[in-house]
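Commentary on secondary and tertiary structure
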Number of protein chains: 2
Amino acid sequence: MKYSKQRELILKTLQEHMIHPTADYIYEVLKKELPSISLATVYRNLNQLAENGMIKKIEGLNGSVHFDHNLSKHYHFICTKCNKVYDVPYDVAPDLANKVLSKTGLIIESYDISFKGVCLECHKKEFH
Amino acid sequence: MKYSKQRELILKTLQEHMIHPTADYIYEVLKKELPSISLATVYRNLNQLAENGMIKKIEGLNGSVHFDHNLSKHYHFICTKCNKVYDVPYDVAPDLANKVLSKTGLIIESYDISFKGVCLECHKKEFH
DNA sequence: ATAAAAGTGATAATGATTATTATTATTGTT
DNA sequence: AACAATAATAATAATCATTATCACTTTTAT
């Protein structure tokens, strides 16, 4: 994988946004810093970074695809009002791969939990 | 919700296939029984049944959408070779909504766990 | 039997993602 | 520093699953 300024900026943008952005969101942010960047470049690099294990692809609402730069074990909370994705600590459900193995015999390669609800921010907004 | 033969057949087909089929899969199966059925009708009814809480929408690999007629609490295992979806019993991780509430304060409306790996059937095939 | 409401089939439209391609940037080697 | 080679880019066309549209049909209650 050869260096490129675009990829560096894409990764930096992903790291700076806590909400687990989509490709399009990153594109909209980066356009201000590098107006010549192409949406295809954002998609290409995010997929490449994910294939190389440097970031993770996560599923949002309605089949939307979000990205996560945090490689440590954790889960996700998706707000059904604003679609933002937040982290949920791993210890709410530790060691699930082994539990599934012992209960079903299935060998788990990976898994994710996506919790859904209304985030604190959106919850506040409901009362003005 | 008014009765329709199409909807009845769609639900029946979903119930008869353990693999948690996609809209397109159900369409391909039903075409044999009711050749005049339209793919749009399959999509329309599956979404409607899901909105009315009679079935559930679940996320497969690569953003594909599958459906589940089983409303009881359970999780899913998605085979990364054949894309079939299997059930995983609830007791591998019970009471997660409360655990998340007590650890984070977030109120969970729903959640799903999708485990990924190679299913037994595909695992066997690897050795002919 | 009838009229309102909901459903259907066919197909066009949508929208997110991917493929294509001519051009440009990076890298290791002389 | 100049040189291939190789990978990456920008722009845009293509793809594909899903949804919207609409003229027509079926269901349902009266």
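The structure under discussion appears in the preceding block.
This write-up is about the structure you can find in this document. (Residues numbered from 1 in each chain as written. Chains lettered and ligands numbered in written order. Predicted model: local features only at pLDDT ≥ 70, side-chain atom pairs only at ≥ 80, totals over all residues. Heavy atoms only, no water.)

**Describing the protein's contact with DNA strand D**
In plain terms, the rule: By convention in these notes, a residue is near a molecule or strand provided one of its non-hydrogen atoms lies within 4 Å of it. In the analysis that follows, any N or O atom pair within 3.5 Å is treated as a polar contact, provided that within protein one partner can donate a hydrogen and the other can accept it, and provided that, for residues neighboring in sequence, both atoms belong to side chains. Numbering goes from the N terminus for both helices and strands, where a helix is a DSSP run of H or I of at least four residues and a strand is a run of E of at least two.
In the vicinity of DNA strand D lie 19 residues, with A:Lys2, A:Ser4, A:Thr41, A:Arg44 and B:Tyr43 positioned nearest. Among the atoms of DNA strand D close to the protein, meaning within 4 Å, 75% are from sugar or phosphate groups. In the environment of DNA strand D, a phosphate oxygen lies 2.7 Å from a nitrogen or oxygen atom belonging to the side chain of A:Arg44. With 5 residues, the single largest contributor to the surface near DNA strand D is helix H3 (residues 39-51) of chain A.

**Overview of the interface of chain A and chain B**
Keep this limit in mind: The contact criterion used throughout is that any non-hydrogen atoms of two residues lie within 4.5 Å. Accessible area that two parts lose when put together, with a 1.4 Å probe and added across both, is what the buried area reports. Any carboxyl oxygen of Asp or Glu within 4 Å of a side-chain nitrogen of Lys or Arg constitutes a salt bridge here. Residue polarity follows a fixed list, in which Ala, Val, Leu, Ile, Met, Phe, Trp, Tyr, Cys and Pro are nonpolar, Asp, Glu, Lys and Arg are charged, and the others, Gly among them, are polar.
Across the contact, 28 residues belong to chain A and 28 residues belong to chain B. The largest share of the area that chain A buries against chain B comes from A:Glu59, A:Val92 and A:Leu106, three residues that together contribute 20% of it. Where chain A touches chain B, the interface holds 2 salt bridges. Between A:Lys103 and B:Asp91 there is a salt bridge whose closest N-O contact spans 3.6 Å. Counting across the chain A and chain B interface gives 6 residue pairs in polar contact (both at pLDDT 80 or more). At the level of elements, strand S4 (85-89), helix H4 (96-104) and strand S5 (108-117) of chain A are the ones that each hand at least two residues to the side of chain A that touches chain B. With 10 residues, the top contributor of residues to the side of chain A that touches chain B is S5(A). Its residues assigned to classes, the side of chain A that touches chain B shows 14 nonpolar, 7 polar and 7 charged.

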